[in-house]
Amino acid sequence: MKGDVMLEFLKRLGGVSAPNKPESQRARFERLVSELNEALDELTDKPAVTVQPDSGHISFDMPEQFPDEALTLPKPDTTEATSEDRNDSEAGTDERSAEAGDEKEAKAA
């Protein structure tokens with residue numbers, strides 16, 4: 001057993017990684033809480049935290065806008081763009097119909 005520990009130690013020194021062990025529930029929980037706390041530390045407006053005793057779930061009353069969202073451009077209004085595209089395509093159809101009619105008249109003459 002001592003030889004196995006020494007062998008693993010030497011492998012790690014040599015740059016060979018140890019086999020992936022599944023993360024224990026305690027380690028996973030501690031890691032998640034740590035990551036959550038780090039994320040909360042970065043926020044200027046802290047959300048209110050609610051703990052549901054029955055389920056053990058945690059919920060957050062988040063602010064309307066996070067600091068990084070304030071830097072993004074607003075989403076374009078697609079209703080105006082859609083109606084403009086529709087009008088452009090209808091106008092293009094009318095123009096093509098008129099051109100086709102002109103061609104027919106030219107051939108008939």
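Quick caveat, the model's predicted, so the values are computed rather than measured.

Chemist: Any chance you could explain the overall build of the protein here in plain terms?
Modeler: Helix and strand counts for the protein come out as 3 helices and 2 strands. From first element to last, N terminus to C terminus, the protein shows the α and β order α-α-β-β-α. Per-residue burial for the protein yields a buried fraction of 4% across its 109 residues. Here the protein has roughly 10300 Å² of accessible surface; of this, 55% comes from carbon and sulfur atoms.

Chemist: Explain the pattern of salt bridges here, please?
Modeler: Under the counting rule described, the total for this entry stands at 2 salt bridges. Among the salt bridges present, the one from Glu 23 reaches Arg 31, with a minimum N-O distance of 3.0 Å. Residue Glu 23 is classed as partly exposed on the basis of its relative accessible area, which comes to 41%. According to the relative accessible area criterion, Arg 31 is partly exposed, its value standing at 33%.

Chemist: Got a minute to help me understand the pairing of strand S2 (residues 58-61) in this structure?
Modeler: Successive side chains on a regular strand alternate, one facing one side of the sheet and the next facing the other. Sheet topology places strand S1 (residues 48-51) next to S2; 4 bridges connect them, and they run antiparallel. When the bridges of S2 are listed, Val 49 appears paired with Phe 60.

What counts, and where the lines are drawn
Residues numbered from 1 in each chain as written. Predicted model: local features only at pLDDT ≥ 70, side-chain atom pairs only at ≥ 80, totals over all residues. Heavy atoms only, no water. Helix = DSSP H or I, 4+ residues; strand = E, 2+ residues; numbered from the N terminus. Buried < 20%, exposed > 50% of the residue type's maximum accessible area, 1.4 Å probe, protein only. Areas by Shrake-Rupley, 256 points an atom, 1.4 Å probe, with all protein chains shown as cover. Salt bridge = Lys/Arg side-chain N within 4 Å of Asp/Glu carboxyl O. Pairing = 2+ DSSP bridges.

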